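Spelled out from the first residue to the last, the chains are:
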Amino acid sequence: FIDPTMRCGLPPSACQAAGWKNWAEIVWNGAQGVLVDIDPPAKYLVELRFSSEWASKNFMPVYWPKEHDALVSLLRWHKHEGASYVVPTGADTSANIGSMIGMGETIEDAVEMALEVAKSVEAFEISFDAAAFEKLDKELDEYAKMGFSF
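Conventions used here
Residues numbered from 1 in each chain as written. Predicted model: local features only at pLDDT ≥ 70, side-chain atom pairs only at ≥ 80, totals over all residues. Heavy atoms only, no water. Pairing = 2+ DSSP bridges. Helix = DSSP H or I, 4+ residues; strand = E, 2+ residues; numbered from the N terminus. Salt bridge = Lys/Arg side-chain N within 4 Å of Asp/Glu carboxyl O.

Caption draft 1: Up close: the sheet that holds strand β1 (residues 44-51). Across the sheet, which stays open at both edges, the four strands sit in the order β3-β6-β1-β7 with antiparallel pairing between neighbours. The sheet terminates laterally at β3 (72-74) and β7 (127-128), the two strands that pair on one side only. Judged from the two bridges that link them, β1 and β7 form a sheet pairing that is antiparallel. Bridged to phenylalanine 50 within β7 is phenylalanine 128.

This is the structure in structure tokens:
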């Protein structure tokens with residue numbers, strides 16, 4: 001026994017925390033062996049990861065509109081005097097700084113929301129792969145050929 005892996009996966013933990021209205025109830029009861037049904041606010045949730053090489057070595061302020069508070073999740077998050085910061089690790093491998101979440105009754109609506117949230121985030125040298133959703137479309141098409149529907 002080396003690693004009990006008692007942490008949330010990245011992804012999808014930002015999506016779960018933002019997208020399950022009863023997240024605390026799920027975790028609390030799950031720790032006691034009791035299963036609780038998920039209560040999602042929308043049928044589809046998507047998580048778009050974003051990164052900044054600059055943030056791996058510098059404290060980086062990150063800004064977004066207040067209405068997106070529940071849709072932006074930062075790694076190594078610190079709040080100081082009302083501003084959100086990503087704390088540096090000093091490692092060259094720590095460019096990932098968080099996720100932006102989208103929700104909707106269709107996958108397209110969820111993707112559109114995630115991209116809207118992504119475009120509203122302001123920070124130094126941040127990047128995200130908007131084309132990831134195009135790759136998702138291709139993968140969903142492949143699953144559809146196998147008889148799965150979403």
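Caption draft 2: Spotlight on the pattern of salt bridges. Applying the stated criterion across every chain, the model contains three salt bridges. We note a salt bridge from lysine 145 to glutamate 142, for which the minimum N-O separation is 3.2 Å. With lysine 145 and glutamate 142 both in helix α4 (residues 132-145) and three residues apart, this pair spans about one turn of that helix.

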